[in-house]
Structure formats: structure tokens, C-alpha cells
Amino acid sequence: MIGEIDIACCIVPWGGVNQFVPAVSDAESIGYSGVEASADLVPHYEDRLQVFEEIFSASSLRLSAMILEAHLTDSETADYQVEFAAHVARFLGAVNGQCLLVSPATPKEKKPFLTDEDWTTAAAILDEMGERCREFNVDLTLRPRAGHILGADKDVKRILAMTQPDFVKLTCDTAELTLTGTKPESFLKAYRERVNYVRIRDASGAKRRSAITSNEPGSAPGFGRGAVNIPKFCEMLETCRYEGWITVDISGESQNPKDAADAAFRYILKKSGLFLT
């Protein structure tokens, strides 16, 4: 490893809670340093923290982050969402997890545009979530998402201006950014002060494909075969002196998760220039 960069694998593609242990085992056997998991695991392990910790202590892996989808413009459920985020952060803090990755959920009803009230609600929810996360030494990191609110670059600028830098950090997700028309390396350079988490996934450049990332098998190309210039992005990581987790996401690839994650790992080691082989 060069610098303070570790490589993790998103294990959501393996399936639900019943596939958690096999996914951790597969990620370790491939050579990853950590895993990114869904916040859906929390209800299954919150009363069995020792079991959860033993799964990791039996391996060399760490928990890089947990992903939580949030309806950021839903004022009616704002209090519940903040409390659940705090609940997940409490769990993360107890198991030495570092980040709560908040991803905008598919809206309950499609709006042509966000109102000023929507923006105020989203900013308030994020700030409150981030403040609660800090109570447990966990960082909240927001992932802009193609086809959802906070996807376009202008939306990112607006929400960052409305939230506290200490409470709301930023995830640089190569696939999501590429599908919004934003070059990941430009995004990283522009928002380096807020970026504390990186996810690398390739995205289709074919016009016939959806501009929204999907977890359906075959919806995403294999690593290095899509529209994301992964080597160029990794050069920018070095230029910006990024330190932290790089999480590989193979959601939507046609191979089974272990094979896809293994191919992605080998591609990153060979092409990124960030790791000694």
C-alpha cells in the first residue's frame, strides 16, 4: 500500500444477511482490507455485537462503512430517519466502523424540481444525522446519486453550502458521477476538502443503457470495460493526496460476486498505481 489508502469491497451484491459471513470470507480470500455493508445488517446484529465482532476478528478485515438510503426531502419522517441514522452510527462506533454512507433513496413521488422547502429539509436532515454520528466518532458521508436528488454538480454545490463541513462529508462514486455527466477526477479535485470516502465502479457509456446505476445482473460492465477512466481517476487520487478507503463496487456485473470482486481487485492493483503488487 502507498500512503494511507486501504481497499475495501462492497458486499451488498452477495445478498442479504444470510450471505454476510460468506461475503466477508470471500473478500478476505481475495485480498481486500475491508468491507462495506448495508445498514440492514444492524437489526440482525445489534443484540449480538460479540457475534458481529467475532466475524471480523476471525479475519483480517475491517468495516469501512455502512450504506443507508434516506428520503432526504421527506419532512414527515425526518425525525425517524435521523434517529435510525444515529442508531446505525451507535452500532458502527461499537464495532469500530468509520463511516455512515448516506445515499438518496428513490423518491416516493417524482417531482419536476425541488422546492426551497425541500432543500431546507434535506440540509437539516443531513446536518442532524451528521451531528448525531459525531457522538459515536463516526463520519457521515453523502453519496451523490445519478437519477436522484443531489445528483447533478449544481445540486452538490448547493447542499454543501447549506450543510456544516464538520457534519456532512462527501463520497466520490465514479459510476454515479459518470452517469450524471461529471468526470470523477474533476469532482474529486473540486471537492477535495469535503471528500472522505471513495467508491470505484465502472458505468456503461452506451446511450441505450439507463443513466441510473442498477444492481440487476448485466446492468454494469466489468471493471475497466466501461465509461469510467479508472487509471486516470486513480492518478487524481495521488495528486490530491487522498487518504482513506477506496471501496470497490461490482453491483450489476454479470459474473458471480466473488469472481467479479476478484477481477476488480486484480484490475485495481495492476492499473491504479496506488498499491504495490
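Residues numbered from 1 in each chain as written. Predicted model: local features only at pLDDT ≥ 70, side-chain atom pairs only at ≥ 80, totals over all residues. Heavy atoms only, no water.

(A) Structural view of the side chain of R145. Inspection of the secondary structure assignment puts R145 in the loop between β5 (139-142) and α6 (153-162). In terms of polar contacts, R145 uses its side chain to reach the side chain of E69, at 3.0 Å. Those residues in contact with R145 that lie beyond four places of it in its chain are E69, S103, P104, A105, T106, L150, G151 and E176. (Helix = DSSP H or I, 4+ residues; strand = E, 2+ residues; numbered from the N terminus. Polar contact = N/O pair within 3.5 Å; in protein donor to acceptor, adjacent residues only side chain to side chain. Contact = heavy atoms within 4.5 Å.)

(B) Geometry of the environment of H71. Along the chain, H71 falls in the loop between β3 (62-70) and α4 (78-94). As for H71 and Q164, which are separated by 93 residues in sequence, their C-alpha atoms are 19 Å apart. Contacts of H71, omitting those with residues within four sequence positions, involve Q81, A105, T106, P107, K108 and I125.

(C) Geometry of unusual backbone geometry. A positive phi angle, close to 60°, is found at N137, a residue other than glycine. Here N137 lies in the loop between α5 (116-134) and β5. Of note in this structure, R241 is not a glycine but carries a positive phi near 55°. Looking at the secondary structure, you find R241 in the loop between α9 (230-239) and β8 (244-248). A relative accessible area of 69% means that R241 is categorised as exposed. (Buried < 20%, exposed > 50% of the residue type's maximum accessible area, 1.4 Å probe, protein only.)

(D) The sheet that holds strand β1 (residues 5-10), seen in detail. Read around the barrel, eight strands follow the order β1-β2-β3-β4-β5-β6-β7-β8 and close on themselves; strand pairing throughout is parallel. Strand-to-strand twist of the sheet, defined as the mean angle between neighbouring strand axes without regard to direction, takes the value 30°. Sheet analysis places β5 next to strand β6 (residues 169-173), joined by two bridges and oriented parallel. Counted as the bridge partner of L142 is L170 from β6. Sitting on the sheet, α4 touches β3 and β4 (99-104), and the angle it makes with β3 is about 170°. Relative to the sheet, α5 contacts β3, β4 and β5, its axis offset from that of β5 by approximately 150°. (Pairing = 2+ DSSP bridges. Axes fitted to C-alpha atoms, helices over the stretch in contact; angles between N-to-C directions.)

(E) Seen up close, the pairing of β1. For β1, the tally of buried residues reaches six of six residues, placing the bulk of the element in the interior. Both faces of β1 are covered, namely the face carrying I5, I7 and C9 and the face carrying D6, A8 and C10. Pairing analysis gives five bridges linking β1 to β8, with the strands arranged parallel. Bridge pairing in β8 links A8 to T247.

(F) The pattern of salt bridges, seen in detail. Going through the model one piece at a time under the given rule, you end up with 16 salt bridges. In this structure, R199 engages E36 in a salt bridge whose closest nitrogen and oxygen atoms are separated by 2.8 Å. Note that R199 is positioned in strand β7 (residues 195-200) and E36 in strand β2 (residues 34-38), a separation of 163 residues in sequence. Each member of the pair, R199 as well as E36, carries the same accessibility label: buried. Here K232 makes a salt bridge to E185, at a shortest N to O gap of 3.9 Å. Of this pair, K232 sits in helix α9 while E185 sits in helix α8 (residues 184-190), and the two are 47 residues apart along the sequence. For E185, a relative accessible area of 9% gives the class buried. Shared partners join several salt bridges into a network, and the residues in it are E36, R143, D173, E176, R199 and D249. (Salt bridge = Lys/Arg side-chain N within 4 Å of Asp/Glu carboxyl O.)

(G) Region of the structure containing the nonpolar core. Formed by 84 residues in total, the largest nonpolar core has its most connected members in Y32, F52 and L72. Leaving out residues up to four positions away in the same chain, Y32 has contacts with I7, A8, C9, A27, L61, V248, A261, A264 and F265. C10, A65, I67 and C99 belong to the second largest nonpolar core, which has eight residues in total. (Core = buried A, V, L, I, M, F, W, Y, C linked by side-chain atoms within 4.5 Å.)

(H) Geometry of the packing of aromatic side chains. Summed over all chains, the structure comprises 10 aromatic pairs. Pairing F20 with F52 gives two aromatic rings, centres 5.4 Å apart and planes at 10°, and the pair type is stacked. Residue F20 is located in helix α1 (residues 20-30), and its partner F52 is located in helix α3 (residues 49-57); the two are separated by 32 residues in the primary sequence. The class for F52 is buried, based on a relative accessible area of 1%. With a centroid separation of 6.3 Å and 70° between ring planes, the pair formed by F223 and Y267 is classed as edge-to-face. Taken together, the residues span a long stretch of sequence, with F223 in the loop between β7 and α9 and Y267 in helix α10 (residues 257-271) at a distance of 44 residues. For the pair F223 and Y267, one class covers both residues: buried. Chaining the aromatic ring pairs together yields one cluster made of F20, Y45, F52, F56 and F91. (Phe/Tyr/Trp six-rings, centres within 6.5 Å; stacked < 30°, edge-to-face > 60°.)

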